[in-house]
Amino acid sequence: MAPVLQSSQPWVEKYRPKQVKDVAHQDEVVRVLTNTLETGSCPHMLFYGPPGTGKTTTALAIAHQLFGPELYKSRVLELNASDDRGINVVRTKIKDFAAVAVGSGQRHSGYPCPPYKIIVLDEADSMTEDAQNALRRTMETYSKVTRFFFICNYISRIIEPLASRCAKFRFKPLSEEIMSSRILYICKEEGLHLDSEATATLSSISQGDLRRAITYLQSAARLFGSSISSKDLISVSGVIPAEVVQALLAACKSGNFDLANKEVNNFIAEGYPASQMLSQLLEAIVEADDISDEQKARISKKLGEADKFLVDGADEYLQLLDVASCTMRALCNMPEEFSYES
Amino acid sequence: MLWVDKYRPKTLDQIMVHEEVAQNLKKLVSEQDCPHLLFYGPPGSGKKTLIMALLRQMFGTGAEKVKVENRTWKVDAGSRSIDIELTTLSSANHIELSPGDAGFQDRYIVQEIIKEMAKNRPIDTKGKKGFKVLVLNEVDKLSKEAQHSLRRTMEKYSAYCRLILCCNSSSRVTEAIRSRCLNVRINAPSEEQIVKVLEFIGKKEGLQIPAGFAARIAEKSNRNLRRAILTFETCRVQQYPFTSKQTIPPMDWEEYISEIASDIMKEQSPKRLFQVRGKLYELLINCIPPEIILKRLLYELLRKLDAELKHDVCHWAAYYEHRMRLGQKAIFHLEAFVAKFMSIYKAFLIATFG
Ligand SMILES: Nc1ncnc2c1ncn2[C@@H]1O[C@H](COP(=O)(O)OP(=O)(O)OP(=O)(O)O)[C@@H](O)[C@H]1O
Ligand SMILES: Nc1ncnc2c1ncn2[C@@H]1O[C@H](COP(=O)(O)OP(=O)(O)OP(=O)(O)O)[C@@H](O)[C@H]1O
Ligand SMILES: [Mg+2]
Ligand SMILES: [Mg+2]
């Protein structure tokens, strides 16, 4: 028989805070929820913000702290985008769950157990507008006995009538100091050594996403052993090396189209993500002293367009080539308009 | 068996091109808490080969005993239930599939399969539960909805089910998914590396390879290892012993596009556009993906053009490819690009030569 691998959780799960007070950097929501733990009262909540900032963690932690392991199943319903959340589900599943009475609020084996149920709708931004509309009624009907937690990356995708019924909390990208302290904590637990440069690098390449930082850290630990340098972290992170960005920029400055085309071809063959190049190109251009504001504006405009097109699924090579061509024309002061329009 | 399959390295130690990545992967799975992985890189660069060798590293030769199944999923999509058919490859420890093939329904597949895997975890003799690996190919073709539905699932079931995702274009994979994986970039092999692989195969096959022959194949392969090996085998079938002057056969469709490019350069008229449309259809019918057609056409045109026109043309290629992505009928956009090119080129000719 094939060997069975023991399952154990990746570090991101292992180091997911179990208590609200351990959620870092999101002070406002932690304050409100700490209060909830004392008084038992809780409004409907809407958490929004970029990936890996603690939204799911916070919602699960408060639910566990309120009800404890025994009652959790009967009091908390977690629905995420992997569950079917069409209108029918909203109508039936949530109703069925909400309709069963909870009895009076009495502490139960040390947990507050307030007299309502919690429905966590994670990744709510991927629910259809119709399904969200159907929720409005449900929320009102059962408002006495349920609290909704909506979680999403983009608040603009939540319909206004739902959003306005909730206390809204924006989860901020984690600051570099907070990241560093969390990283150092994990290093201590895992017996890793990171020098201060490596810690700073890890905080900055993760761009406020702690989940990413932890994944990089674990990968680097597996690959390079317990002493990890800044270079090791960059190599697992997929950040494009500065030389590669500079090479493309230099090709654009040269005014030689074929040269730029060759660079773009190479870049694609190396397998780097074009979207990442766009952000790093933007940084390089904005910081450059020898590029005029007008040139910067021309290039930035194009970068924005290409980024949108990539999200739409456009081809990476063609978009990047177009960006390179536009950058070249801007840097070499060629006219913005094409000459042979008809 | 084709050489591409016959000489696909089976273990991480046999990997010839991405030795370093292979060794790293070995370390990565030395403990059982490895994160989800996302492999990305250009076509024919060796992603699949690495993934298969990795599975073997994790589960031993059992991972190679795969069965191919055509499965039907019944999913309950609100008011009605739909049947989705998909081919899966599975062993005792892993399942592999390309959910993008399910089109708009891909979301249901990824929802169902992971939950199902979590239910059927392998159990060892001591009653301990292990985890399974789910390999998802072409995740860049997954709809946004399907990608969203993976997010929480990847976290929730991470103890039971490890994901290995594979794609060409990581820009098309949402930030939230990328943030949940260790991203492994697989670059296209260099021409020298390709030569090394070809020479290795030649030796195993007992072939005499004239100097510079493998290098010429590598040069024409566009750094695509699969393509290089296929071409090598075609050459072997066409003429052996090899001669140093032997032509490296180009792909039929590439030659055909080169013809289209010449047609367009020679005459810019509605009549010519009509003829070209027929040829484009021909390519599409033969399952050449439309973006590949457009890119190849651009490549041919750029070779023939004056520097000042190149900017215009590459811009319009990017413009129409994007519209093609959003639209439904590729032919409209391919033809629109050709028409646009004709009009620009004609205006250029008139301005230059009167
Ligand atoms: N504020 C935080 N404090 C402590 N750990 C955190 C915090 N934010 C994220 N983490 C770590 O990152 C992991 C992912 O966090 P979480 O699942 O809460 O992200 P999220 O905000 O829900 O992201 P997404 O929008 O991608 O779902 C957690 O398991 C935890 O290890
Ligand atoms: N490291 C290697 N050493 C020797 N040969 C290799 C190696 N990697 C790949 N090959 C050969 O190249 C061929 C293509 O590789 P593979 O199928 O892994 O590419 P891929 O990256 O999955 O491509 P695609 O994105 O087009 O699916 C294989 O059939 C194999 O013969
Ligand atoms: Mg989350
Ligand atoms: Mg493949």
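From a predicted model like this one, the values you see are computed outputs, not experimental measurements.

Caption draft 1: Seen up close, the nonpolar core. Membership of the largest hydrophobic core comes to 69 residues, with the highest contact counts inside it found for Leu297, Leu298 and Phe337 of chain B. When residues of this core are assigned to their parent elements, the largest contribution, 10 residues, is made by helix H14 (residues 330–353) of chain B. Those residues within four positions of Phe337 of chain B in sequence are excluded, and the remaining contacts are Leu294, Leu297, Leu301, Val313, Trp316, Ala317 and Tyr320 of chain B. Grouped together as the second largest cluster of nonpolar side chains are 48 residues, Leu192, Leu202 and Ile205 of chain A together with Ile15 of chain B included.

Caption draft 2: Spotlight on the side chain of Asn183 of chain B. Residue placement: Asn183 of chain B occurs in strand E7 (residues 181–185). Using a relative accessible area of 16% as the deciding quantity, one classes Asn183 of chain B as buried. Among the polar contacts listed, one links the side chain of Asn183 of chain B to the backbone oxygen of Arg178 of chain B, at a separation of 3.2 Å. At a separation of 3.0 Å, a polar atom in the side chain of Asn183 of chain B contacts the main-chain carbonyl oxygen of Cys181 of chain B. Discounting residues that sit within four places of it in the chain, Asn183 of chain B has contacts with Val236 of chain A together with Leu38, Tyr40 and Arg178 of chain B.

Caption draft 3: View of the site of ligand 2. Residues and elements named next belong to chain B. Around ligand 2 lies a shell of 17 residues, among which Val4, Gly44, Gly46, Lys47 and Thr49 are the nearest. One of the backbone nitrogen or oxygen atoms of Val17 is found 3.2 Å away from a nitrogen atom of ligand 2. For ligand 2, an oxygen atom lies 2.8 Å from a polar atom in the backbone of Gly44. Contact with the protein chains removes 90% of the 630 Å² of surface that ligand 2 exposes when unbound. Looking at the shell around ligand 2, the elements that each hand over two or more residues are helix H3 (47–59) and helix H9 (225–238).

Caption draft 4: Looking closely at the packing of helix H15 (residues 316–331) of chain A against helix H12 (residues 290–304) of chain B. Between H15 of chain A and H12 of chain B, whose axes approach to 10 Å, the crossing angle comes to 40 degrees. When the axes of H15 of chain A and H12 of chain B are compared, the pair comes out oblique. For the pair H15 of chain A and H12 of chain B, the sense of crossing is left-handed. Listed contacts from H12 of chain B to Tyr317, Leu318 and Leu321 of chain A of H15 of chain A are Leu294, Lys295, Leu298 and Leu302 of chain B. Along the lines of polarity and charge, the residues of the contact of H15 of chain A with H12 of chain B split into six nonpolar, no polar and one charged.

Caption draft 5: Structural detail: the interface of chain A and chain B. Taken together, the contact pairs 73 residues of chain A with 82 residues of chain B. Each partner contributes to the roughly 6700 Å² buried at the junction of chain A and chain B, and carbon and sulfur atoms together form 51% of this total. Where chain A touches chain B, the interface holds 13 salt bridges. Ionic pairing is found between Asp33 of chain B and Arg222 of chain A, a salt bridge with its closest N-O pair at 2.9 Å. Taken together, the links from chain A to chain B amount to 32 residue pairs in polar contact (both at pLDDT 80 or more).

Caption draft 6: Quick look at the pairing of strand E5 (residues 132–136) of chain B. Residues and elements named next belong to chain B. For E5, the buried fraction is high: five of the five residues fall into the buried class. Burial of the side chains of E5 extends over both faces: Lys132, Leu134 and Leu136 are buried on one face and Val133 and Val135 on the other. The pairing of strand E4 (residues 94–97) with E5 spans four bridges and is parallel. Bridge pairing in E5 links Leu97 to Leu136. In this structure, E5 lies alongside strand E6 (residues 161–167), joined through five bridges in parallel fashion. Residue Val133 lies in a different strand from E6, and its bridge partner there is Arg162. Note that the unit made of E5, helix H5 (residues 144–156) and E6 has a crossover that is right-handed.

Caption draft 7: Structural detail: the side chain of Thr174 of chain B. All names here are of chain B. Within the element layout of this structure, Thr174 appears in the loop between E6 and helix H6 (175–178). Take Thr174: its relative accessible area is 13%, and that puts it in the buried class. Among all residues touching Thr174, those that are not within four sequence positions of it are Lys144 and Gln147.

Caption draft 8: How the structure looks around the site of ligand 1. Residues and elements named next belong to chain A. Taken together, the neighbourhood of ligand 1 is formed by 20 residues, with Val12, Lys55, Thr56, Thr57 and Arg211 sitting nearest. For ligand 1, an oxygen atom lies 2.9 Å from a polar atom in the backbone of Gly52. Relative to its unbound accessible surface of 630 Å², ligand 1 loses 99% to contact with the protein. Those elements giving two or more residues to the shell around ligand 1 turn out to be helix H3 (55–75) and helix H9 (210–224). Looking at side-chain class alone, the shell around ligand 1 contains eight nonpolar, six polar and six charged residues.

Caption draft 9: Structural view of the environment of Phe257 of chain A. Here Phe257 of chain A lies in helix H12 (residues 257–269). By relative accessible area, Phe257 of chain A is classed as buried at 5%. With near-sequence residues (within four places) excluded, Phe257 of chain A lies in contact with Leu321, Ser325 and Met328 of chain A together with Leu302, Lys310, His311 and Cys314 of chain B.

Caption draft 10: Representation of the packing of aromatic side chains within the structure. Across all of its chains, the model carries 16 aromatic pairs over all chains by this definition. On the basis of an interplanar angle of 35 degrees and a centroid distance of 6.1 Å, the ring pair of Trp316 of chain B and Tyr320 of chain B is categorised as tilted. Here the residue Trp316 of chain B and the residue Tyr320 of chain B both occupy positions in helix H13 (residues 307–326), the gap between them amounting to four residues, near one helical turn. Among the aromatic residues, those joined into a cluster by ring pairs are Trp3, Phe213, Phe232, Tyr240 and Phe242 of chain B. Seen from the ring of Phe97 of chain A, Lys117 of chain A lies directly overhead, with NZ or CZ sitting 4.6 Å from the centre. Here Arg236 of chain B stacks its cationic end above the ring of Tyr240 of chain B, 4.7 Å away from the centre of that ring.

Caption draft 11: Representation of the pairing of E6 of chain B in the model. Residue and element names in this part refer to chain B. For E6, a buried count of seven out of seven residues is recorded, marking the element as mostly surrounded by other parts of the structure. The side-chain alternation of E6 yields two buried faces, one formed by Cys161, Leu163, Leu165 and Cys167 and the other by Arg162, Ile164 and Cys166. Of the strand pairs in this sheet, strand E1 (residues 36–40) and E6 are connected by four bridges, and their pairing is parallel. Residue pairing for E6: Tyr40 is matched across the bridge by Cys167.

Caption draft 12: Expanded view of H9 of chain A. All names here are of chain A. The end-to-end C-alpha distance of H9 is 21 Å, a good match for the 21 Å that 15 residues give at a rise of 1.5 Å each. Summarising burial for H9: 14 of the 15 residues are buried, a large majority. Of the residues that open H9, the one with a side-chain oxygen 3.0 Å from the backbone nitrogen of Arg211 is Asp209. Positive backbone phi, at 85 degrees, marks Gly225, one or two positions downstream of H9.

Caption draft 13: Geometry of the packing of helix H8 (residues 196–205) of chain A against helix H10 (residues 230–237) of chain A. Residue and element names in this part refer to chain A. Contact pair H8 / H10: the axes reach a minimum separation of 8 Å and the direction vectors enclose 20 degrees. As summarised for this structure, H8 and H10 are arranged roughly parallel, according to the angle between their axes. Of the residues in H10, those in contact with Glu197, Ala198, Thr201, Leu202 and Ile205 of H8 are Ser230, Leu233, Ile234 and Ser237. Tallied by class, the residues present in the contact of H8 with H10 amount to five nonpolar, three polar and one charged.

Cut-offs and rules
- Residues numbered from 1 in each chain as written.
- Chains lettered and ligands numbered in written order.
- Predicted model: local features only at pLDDT ≥ 70, side-chain atom pairs only at ≥ 80, totals over all residues.
- Heavy atoms only, no water.
- Core = buried A, V, L, I, M, F, W, Y, C linked by side-chain atoms within 4.5 Å.
- Buried < 20%, exposed > 50% of the residue type's maximum accessible area, 1.4 Å probe, protein only.
- Helix = DSSP H or I, 4+ residues; strand = E, 2+ residues; numbered from the N terminus.
- Contact = heavy atoms within 4.5 Å.
- Polar contact = N/O pair within 3.5 Å; in protein donor to acceptor, adjacent residues only side chain to side chain.
- Near = heavy atom within 4 Å.
- Areas by Shrake-Rupley, 256 points an atom, 1.4 Å probe, with all protein chains shown as cover.
- Axes fitted to C-alpha atoms, helices over the stretch in contact; angles between N-to-C directions.
- Parallel < 35°, antiparallel > 145°, perpendicular 65-115°, else oblique.
- Left-handed = near helix turned anticlockwise from the far one by under 90°.
- Nonpolar A, V, L, I, M, F, W, Y, C, P; charged D, E, K, R; others polar.
- Buried area = accessible area lost by both parts, 1.4 Å probe.
- Salt bridge = Lys/Arg side-chain N within 4 Å of Asp/Glu carboxyl O.
- Pairing = 2+ DSSP bridges.
- Right-handed = clockwise from strand over helix to strand, strands pointing away.
- Phe/Tyr/Trp six-rings, centres within 6.5 Å; stacked < 30°, edge-to-face > 60°.
- Lys NZ or Arg CZ within 6 Å of the ring centre and 35° of its normal.
- Expected span 1.5 Å × (residues − 1).

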